[in-house]
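# Coordinates in review
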Amino acid sequence: MFRKLGGVLAGRQRAAVLRVSRSCFTMAYPEARRSDFKEELHGVSVPDPYRWMEEDSDELSAWTAEQNTRSAAYVADVSFKEKLRETIKQRLDYPKHGIPFKKGSAWYYYYNTGLQNHSVLYKKKDIDDKDEKAEVFLDPNQMSEDGTTAMEGVSFTEDGRLCAYGLKEKGSDWCTIHVKNCETGEKLPDIIEWVNYSYYRWTKDNKGFLYGRFPALDSEAGKSTREVKDQRLVYHVLGTSPADDAVVYYDPKTPTVLYDATPTHDGKAVVITSCDGTKPENLVTIIDLEKHSDLTKIGESAYIRSVDEWKHKYDFVGKHNDKFFFITTDGSPNNKLVYMTLDSPKEFKDAIPEQKSVLEWASIGFEGALFTGYLEDVKDVVYLSHADTPDERKKLDIEIGSVGFSTSRKHSRVFYSVTSFTFARRVYDFRLEDGHEKRKLWYEATVPNYDSSQFEVKQEWFASKDGTKVPMFIIHKKGLKLDGNNPTVLYVYGGFHVSLGPAFSTTRLSFISNMNGVYCLANIRGGSEYGEDWWKGGSLRNKKNCVYDTMYAAKYLVEKKYTRPEKLAIEGGSNGGLVVAAVANEAPELFGAVVSQVPVMDITRFHKFTIGSAWTSDFGNPDVKEDFDYIMTYSPLHNIDPKKKYPTIMCMTGDHDDRVSPLHTFKYLAEAQHTCKEQPGKFLGRIEINAGHGHGKPLSKVVDELVFQWSFVAKTLGAEWTD
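Everything quoted here is computed from the prediction, not taken from an experiment. (Residues numbered from 1 in each chain as written. Predicted model: local features only at pLDDT ≥ 70, side-chain atom pairs only at ≥ 80, totals over all residues. Heavy atoms only, no water.)

### Quick look at the pattern of salt bridges
Using the following cut-off: The rule for a salt bridge is simple: a side-chain nitrogen of Lys or Arg has to be within 4 Å of a carboxyl oxygen of Asp or Glu. Each helix corresponds to a stretch of at least 4 residues labelled H or I by DSSP, and each strand to a stretch of at least 2 residues labelled E; elements are numbered beginning at the N terminus. In this scheme, a residue with accessible area under 20% of its type's maximum is buried, one over 50% is exposed, and one in between is partly exposed, where area comes from a 1.4 Å probe on protein chains only.
In this structure the tally under the stated criterion is 47 salt bridges. Notably, a salt bridge pairs Asp-173 with Arg-659, separated by 2.8 Å at the nearest N-O pair. A residue pair is termed long-range when its members are at least 10 positions apart, and Asp-173 in the loop between strand 9 (162-169) and strand 10 (175-181) and Arg-659 in the loop between strand 38 (648-654) and helix 10 (663-675) qualify at 486 residues. Given the relative accessible area of 27%, Arg-659 is considered partly exposed. Asp-308 is paired through a salt bridge with Lys-346; the nearest N and O atoms lie 2.7 Å apart. Residue Asp-308 is located in the loop between strand 19 (303-307) and strand 20 (314-320), and its partner Lys-346 is located in strand 23 (residues 344-352); the two are separated by 38 residues in the primary sequence. When salt bridges that share partners are traced, they join Glu-39, Asp-48, Arg-51, Glu-54, Asp-602, Arg-605 and Lys-667 into one network.

Take a look at the structure:
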């Protein structure tokens, strides 16, 4: 908890003083009005004394302000906090270059000079001409004074003449679509609101685009907790009123369904996938544009029902000649590539059979080049073949890391990026010419004052409660002494098919290099690291496996003497925030600190707010008794136990989070602070103003949040600072 000035004795003296201040830190929690409200659910009386916190009010605003005051006071005496801020900013201050992509005759790429709040979208005629000055095409940094306007994707017409782009405000998930003329720079009058959880894709004739729209809310975007449902797939014709956009597809019998529409590259069809929330199973409907070319007049007769039962996943990849390619879980928990034709739209044939590794993505490029990305023990591997002979694959020589690809149907040039725990983004230029591969390093990020050779990355496996082997990445400085005294952070997620692979973080490296920390990422069940079975093992009535996996990861780290409980923090966000809070209830003795970010805490009512009904895929449905009974065994809000000795817990959320409403954090904090107010461990909250679930947050707010978070971790674990 200090900046070493020299000498072991001085360090120990300073650390000793800090330990006294930690143990003596007292706090009077903000008073929260508590009612005797109870709700009868499946014959069980469930107390909900803070139900009033589900609605915005002046009373709630005053309470959250007091939470911020107290959490700020907790980290106020961290002596190296400003040094931490300076180091974080210094290490973030390096150019960041995105993968170039070509639209029409121009090239585009995202670029950040270092400390800009948001990356800027640039345009160039010749991506290889170093003398050509790139043109700023879209700069979200100029769209708001405080940096809280963020871009949400871009979509270009076939000819590259027009661009539709989305803007989000103050961290909200709600998106407004705008259109820009790429040649003149003119912003067109078309403005479409209330778009969420949707792509927007132009038709090949450049006349308009397909997108998903919800009914308008009756309050400010980001502040409403109203349940989000009844999305419609609509078609916007450029130059017309959005109120007149034609509904292309909608099923009123399933109001929680989300739609995605992809016009094929040849302009002959539209492929519509229907997903019930975040459930992996989906339906596939196709519109043959050669028979039904007017998307403003589409009815039941236009729909070709290719997949009409909710049984398996069918993710559309692309079309080659008359074949429609999909990634499916049908008979293949690790996914496989299949295809069908409109002559037999329900008859799918294997293109690439299921493999031992997990097929994550596929992309069809120039002249049918087929790239497939697999996950092999949580590391990306890419293969190249051809859509005519998909299974004749060749493994590409790509270093270990997380890979991103940008392919095109119009040219043979492919750009891809690789990043890892110890190096920032590298962008490669990959070409297929005359049957030969040509590859060169096109861009490599250079991080100031950073030497990757100082760090060591390991992947180790531990046995969970039921004996399942779970992988975990462990990153630390070389020569680390395994004496059980190292401050350690264990990060988990475990849900919604999300796999966590290698990723570069300068702030994480600050913890490792300047606080002699150990950073661990456990790939617990609930993700997709090992396919559909891995997800099923951590979802629904197996959700507590996420808790057990995290507990046994912690036990492994202690057993191997990386750390000890007082020096170990667990961290997770969103679903991961739920997991770490549930773990703290189950086994608080295993940890010294908990960081729960934008968490889901009330698992009896999550489905009643914003997009929460979509999460029944992982949590189950509280309206179903059997699901409710299981939920009550781990719901963080309902399992706080004052008889247990809790570590200090920090809950972090945003006041405009309309994905996981901050009401979850509010109710949990109020209950924990009331029930456990005599505990030595503290229950603290930080509520970011004008911020949401995390996406699109300006860098200035990100830095403030990181300084606070790592100051909290350092103080609670007793970490020391060294330059």
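### A look at empty space enclosed by the protein
The test is simple: Cavities and pockets were defined on a 1 Å grid built from protein atoms only: a cavity is a group of points that admits a 1.4 Å probe but offers it no way out, a pocket is an open group of points flanked by protein on both sides within 12 Å along at least five of seven lines, and a lining residue is one with an atom within 4 Å of any such point. Grid points are joined across faces, edges and corners, and a volume is the space filled by probe spheres set on the points.
Tallied over the full model, the rule gives three cavities of 30 Å³ or more. Estimates place the volume of the largest cavity at around 50 Å³. For the largest cavity, the full set of lining residues is Thr-148, Lys-170, Gly-171, Asn-690, Ala-691, Gly-692, His-693, Gly-694, His-695, Gly-696, Lys-697 and Pro-698.

### Considerations on the packing of helix 6 (residues 544-559) against helix 7 (residues 575-586)
To keep things clear, this is the line we draw: Helix axes are fitted only over the stretch in contact, all axes being lines through C-alpha atoms; the angle between N-to-C directions runs from 0 to 180 degrees. Relative orientations are named as follows: roughly parallel for angles under 35 degrees, roughly antiparallel for angles over 145 degrees, roughly perpendicular for angles from 65 to 115 degrees, and oblique for any other angle. Any pair of residues with heavy atoms lying within 4.5 Å of one another is described as a contacting pair. Each residue gets one label: Ala, Val, Leu, Ile, Met, Phe, Trp, Tyr, Cys and Pro are nonpolar, Asp, Glu, Lys and Arg are charged, and the others, such as Gly, are polar.
Contact geometry of helix 6 with helix 7 gives a least axis separation of 9 Å together with a crossing angle of 70 degrees. By the angle between their directions, the pair helix 6 and helix 7 is classed as roughly perpendicular. Contacts between helix 6 and helix 7 involve Lys-544, Cys-546, Val-547, Tyr-548, Thr-550 and Met-551 from the first element and Val-579, Ala-582, Val-583 and Glu-586 from the second. When grouped by side-chain class, the residues that make up the contact of helix 6 with helix 7 number seven nonpolar, one polar and two charged.

### Some thoughts on the sheet that holds strand 30 (residues 426-433)
Just so we agree on the cut-off: Two strands form a pair only when DSSP identifies at least two bridges running between them.
On the basis of which strands lie adjacent, the open sheet formed by four strands has the order 28-29-30-31 and antiparallel pairing. With one partner strand each, in any of the chains shown, strand 28 (402-406) and strand 31 (436-444) form the two edges of the open sheet. Averaged over all neighbouring strand pairs, the angle between strand axes comes to 25 degrees, with direction disregarded. Direction of pairing for strand 29 (residues 413-419) relative to strand 30: antiparallel, over a ladder of six bridges. In the sheet register, Val-418 faces strand 30, and the bridge partner there is Arg-426.

### Quick word on the environment of Leu-238
With respect to the helices and strands, Leu-238 occurs in the loop between strand 14 (232-237) and strand 15 (246-249). For Leu-238, a relative accessible area of 25% translates into the label partly exposed. Sequence separation of Leu-238 and Ala-76 is 162 residues, and the distance between their C-alpha atoms is 54 Å. Setting aside residues up to four positions removed in sequence, Leu-238 forms contacts with Leu-162, Val-179, Leu-188, Asp-190, Trp-202, Lys-207 and Gly-208.

### Topic: the side chain of Gln-67
The residue Gln-67 is located in helix 2 (residues 58-75) in this model. On the basis of relative accessible area, Gln-67 is assigned to the buried category, the value being 2%. Among all residues touching Gln-67, those that are not within four sequence positions of it are Pro-30, Leu-669, Gln-673, Gly-685 and Ile-687.

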